[in-house]
Amino acid sequence: MRRALCLLLAASVPALAAAGEFRTYQGHGGPVMDITVAKDGRLATASFDNAVGLWSGMTPDWRDGHRAAVNVVTFLPDERMASGSDDFDILLWEGTVPRRLGAHAGKVTDLAVSPDGTHLASASWDGSIGLWPLGADETQEPRSFTGHASGVNAVVFADDGRTLLSAGADGTLRHWDIETGASRTLLENGFGINKLILAPDESWLAYGTVDGATRVIDPATGAQIADFTLERRPILALARDTNGSRIAAGDGEGYIMVISTADWRIEKDFRATERGPIWALDFSADGSDILAAGLEPAVYAWPLDTMGDFAPIEDGGQSFLAAPETMENGERQFARKCSICHTLTPGTARRAGPSLYGLFGRRAGSLEDYTYSSALDGAQIIWDETTIDALFDEGPDHYVPGTKMPMQRITGAQDRADLVAYLRRATEPQE
């Protein structure tokens, strides 16, 4: 069994990882959706547990402020961070207290900082790109660019910050003139484009798609430079090292492909996890390691030189990954609908939702170790067979509108009854 240890990064002088050693960053309470490593070695992570982690000591330093899963986090030149979430918000972090920079009308999927540090670009599933002034200009009005036919998944600055490149679920990669707001379609993929990365010298642009393509093009003309499409889909993560000598792609089947940009060849094609996906990737500051995350509430780091010597990561026994035939129906409903957000044991454990231990007879919104949405302030709902059945019959968005719970229903009456019976047994306090 692999030994798990937490990578230490000092706040002022980041500690270097031991060469040739596999490492695990542990502490999040849900899958990690984004990893970003600053040039000085600082590490930040964004998670389904609604939190940003800044790794600067023996344990992560948590940034809590979002009301839903955090999809992206990035460092700003002034040592602050910015994060975007399923709650539609963009938060700026200076210390542990966030300031709301603004919001979209849909989930925020990507953030990019202009080369001069004066603007932050955001991509959103509301179909728009936001351009937010930073620093001394933060009081100025933000701008919005629209033109994609559906959600925008990725955005990067180019041409010394005079241009934006964006990719969307509509399968197009678009080029935006920031001064005029004019845009043109650089290419049409047909299937959605999930990720973009740009070379430091802007000599190439790589993109990853829903249909499994990893391609490299000229960012000015759209002409193809290289195609690394394999029979695995979708591409969910892209990263490059600091000097742009390598790029890495992570897919839905748990593989990480590492590509040399000097001669455009695949250096590594590594099965990182037994179960996909690879949702987040980045290189260490010195380029010697690659960091990745998927369904586990952890980040793993492999030394590039020896990553092929390691076996794929096995899942840690989360119930939502268990084979359906191994569970009775009520447990199966819990595993698929509830377990990624909630524990059955005392303590919330940094999950996206509160612990369900002792659920029956408890007033909604009453646990002290969980930060509830304002919609549950003073709630009079008492959780029992009737109210839990109604929650999943109507859906949380109708039964308790405005809360953090995702929109989901269990339409079958027997399925709801089996879930209620299972929760009655599994959440009962032990003597």
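What counts, and where the lines are drawn
- Each chain carries its own residue numbering, running from 1 in the direction its sequence is written.
- Confidence filtering applies because this is a predicted model: local features only for residues at pLDDT of at least 70, side-chain atom pairs given and counted only at 80 or more, and all residues used for totals across whole chains, interfaces and linings.
- In computing side-chain properties, one takes all heavy atoms of the structure into account and sets aside hydrogens as well as water.
- When the centres of two rings from Phe, Tyr and Trp lie within 6.5 Å, Trp using its six-membered ring, the rings pair. Their planes under 30 degrees apart give stacked, over 60 give edge-to-face, and anything left gives tilted.
- Note on conventions: DSSP H or I runs of at least 4 residues are helices, E runs of at least 2 residues are strands, and numbering of each starts at the N terminus.
- Classification of residues uses two cut-offs on accessible area relative to the type maximum, computed with a 1.4 Å probe and protein chains only: under 20% is buried, over 50% is exposed, and between them is partly exposed.
- By definition, two strands form a pair when at least two bridges between them are found by DSSP.
- For helices, the axis comes from a line fit to the C-alpha atoms of the stretch in contact; other axes are also lines fit to C-alpha atoms, and the angle between any two N-to-C directions lies between 0 and 180 degrees.
- The term salt bridge refers to a side-chain nitrogen of Lys or Arg lying within 4 Å of a carboxyl oxygen of Asp or Glu.
- Each helix should span, by expectation, one fewer than its residue count multiplied by 1.5 Å.
- What the arc measures is the spread of directions leading from the helix axis to the C-beta atoms.
- Contacts are assigned to residue pairs with any non-hydrogen atoms lying within 4.5 Å of each other.
- Throughout this description, any angle smaller than 35 degrees is read as roughly parallel, any larger than 145 degrees as roughly antiparallel, any in the 65 to 115 degree range as roughly perpendicular, and the remainder as oblique.
- In this scheme the crossing of two helices becomes right-handed for a clockwise turn of the near helix relative to the far one and left-handed for an anticlockwise turn of less than a right angle.
- By the convention adopted, Pro, Cys, Tyr, Trp, Phe, Met, Ile, Leu, Val and Ala count as nonpolar, Lys, Arg, Asp and Glu as charged, and the other residues, Gly among them, as polar.
- UniProt positions are given in the numbering used here, feature names are shortened, and annotations may be inferred rather than shown by experiment.
- Polar contacts here mean pairs of N or O atoms no more than 3.5 Å apart (in protein, one a potential hydrogen donor and the other a potential acceptor; neighbouring residues in sequence count only if both atoms are side-chain atoms).
- Residue types Ala, Val, Leu, Ile, Met, Phe, Trp, Tyr and Cys, when buried and joined through side-chain atoms within 4.5 Å, form a set referred to as a nonpolar core.

If you look the protein up in an unreviewed UniProt entry, it shows as WD domain G-beta repeat containing protein from Profundibacterium mesophilum KAUST100406-0324.

A.B. asks: How should the packing of aromatic side chains be read in this particular structure?
C.D. replies: Each aromatic ring pair is specified by the distance between its two centres and by the angle formed by the two planes. All chains considered together, the criterion is met by 11 aromatic pairs. Here Y25 and W55 contribute two aromatic rings whose centre-to-centre distance is 5.5 Å and whose plane-to-plane angle is 90°, an arrangement assigned as edge-to-face. Note that Y25 is positioned in strand β1 (residues 23-26) and W55 in strand β4 (residues 51-55), a separation of 30 residues in sequence. Taking the relative accessible area as the measure of exposure, Y25 reaches 3% and is therefore buried. Look at W55 and you get buried, because its relative accessible area is 2%. Between F228 and W264, the ring centres sit 6.4 Å apart and the planes meet at 40°, which makes this aromatic pair tilted.

A.B. asks: Sorry if this is basic, but what is going on with the sheet that holds strand β15 (residues 163-168) here?
C.D. replies: In a beta sheet, neighbouring strands are held together by backbone hydrogen bonds and run either parallel or antiparallel to one another. The strand order β14-β15-β16-β17 describes an open sheet built from four strands, whose pairing is antiparallel. Each edge of the open sheet carries a strand with a single partner, namely β14 (152-158) and β17 (183-188). In this sheet, neighbouring strand axes are inclined to one another by 20° on average, regardless of whether the strands run parallel or antiparallel. As paired elements, β14 and β15 share six bridges and run antiparallel to each other. Each residue of the ladder has a partner; that of V155, found in β15, is S166.

A.B. asks: What is the right way to look at the pattern of salt bridges in this model?
C.D. replies: Where charged atoms of side chains with opposite charge meet at close range, the side chains can pair. In total, this model carries 22 salt bridges according to the counting rule given. Taking the shortest distance from any N to any O, the salt bridge between D86 and K107 comes out at 3.4 Å. Pair noted here: D86 is in the loop between β7 (81-85) and β8 (89-94) and K107 is in the loop between β9 (97-103) and β10 (108-113), with a separation of 21 residues, a long-range link. The exposure class assigned to D86 is partly exposed, which follows from its relative accessible area of 28%. The residue D269 makes a salt bridge to R232 at a minimum N-O spacing of 2.7 Å. Of this pair, D269 sits in strand β25 (residues 265-271) while R232 sits in the loop between β21 (224-227) and β22 (235-240), placing them 37 residues apart in sequence. Among the residues examined, D269 registers a relative accessible area of 40% and is labelled partly exposed. Judged by its relative accessible area of 12%, R232 is buried. By sharing partners, the salt bridges in this structure join D78, R80, R99 and E138 into a single network.

A.B. asks: Could you clarify how one ought to interpret helix α4 (residues 413-426) in this entry?
C.D. replies: Every α-helical turn comprises 3.6 residues, leaving residues that sit three or four positions apart pointing alike. Over its 14 residues, α4 extends 20 Å from the first C-alpha to the last, a length consistent with the 20 Å expected when each residue adds 1.5 Å. When we look at burial in α4, the residues that qualify are R416, L419, V420, Y422 and L423. Along α4, the residues classed as buried sweep out an arc of 165° about the axis, all on the same side. Close packing links the buried residues of α4 with α1 (329-337) and α2 (385-394).

A.B. asks: Would you explain the packing of α2 against α4 in this entry?
C.D. replies: For any two helices packed against each other, one specifies the inter-axial angle together with the distance between the axes. Orientation of α2 relative to α4, taken along the N-to-C sense of each, is 135°, at an axis distance of 10 Å. Judged by the angle between their axes, α2 and α4 are oblique. Seen from above, α2 lies across α4 with right-handed handedness. Residues E385, I388, D389, F392 and D393 of α2 form the contact with α4, whose participating residues are R416, L419, V420, L423 and R424. Class assignment of the residues belonging to the contact of α2 with α4 gives a composition of five nonpolar, no polar and five charged.

A.B. asks: Even after reading the chapter, I still don't get the environment of G330, so can you show me in this structure?
C.D. replies: Residue position: G330 is located in helix α1. Residue G330 is classed as buried on the basis of its relative accessible area of 0%. Residues G330 and V420, 90 residues apart in the sequence, show an inter-C-alpha distance of 7.3 Å. Residue contacts for G330: discarding those within four places in its chain leaves D418, L419 and Y422.

A.B. asks: Looking at this structure, how should I read unusual backbone geometry?
C.D. replies: Apart from glycine, the bulk of residues carry a negative phi angle, and the bulk of peptide bonds sit in the trans form. Cis geometry marks the peptide bond from R233 to P234, where omega comes out at -10°. Structurally, P234 is set in the loop between β21 and β22. Put simply, G276 and P277 share a cis peptide bond, and its omega is 5°. Tracing the backbone through its elements, the reader meets P277 in the loop between β25 and β26 (280-283). With a phi angle near 55°, D160 is a residue other than glycine that sits in the positive phi range. Mapped onto the elements, D160 comes out in the loop between β14 and β15.

A.B. asks: Which parts of the structure should I look at to understand the UniProt feature "domain: Cytochrome c" (unreviewed entry) in the protein?
C.D. replies: According to UniProt, the positions carrying the feature "domain: Cytochrome c" (unreviewed entry) are residues 325-427. With 36% helix and 0% strand, the stretch residues 325-427 has end C-alpha atoms that lie 22 Å from each other.

A.B. asks: I'm lost on the side chain of S260 in this one. Help?
C.D. replies: Position of S260 among the secondary structure elements: in strand β24 (residues 255-260). Residue S260 is classed as buried on the basis of its relative accessible area, which comes to 7%. Polar side-chain contacts of S260 include one of 3.0 Å to the side chain of D263. Ignoring anything within four residues of it in the chain, the contact list for S260 reads S245, R265 and E267.

A.B. asks: Before we go on, may I ask you to explain the nonpolar core in this structure?
C.D. replies: Most often, soluble globular proteins keep nonpolar side chains buried together rather than apart. One finds F334, W383, I388, F392 and L423 to be the most contacted residues of the largest nonpolar core, which totals 22 residues. Looking at this core, the elements that each hand over two or more residues are α2 and α4. Take this core: its biggest share by element is four residues, from α4. What W383 contacts, discounting residues up to four positions off in sequence, is L359, F360, G361, R362, A364, I388, L391 and Y399. Judged by nonpolar contacts, the second largest core, of 19 residues, contains A237, A239, L281 and F283.

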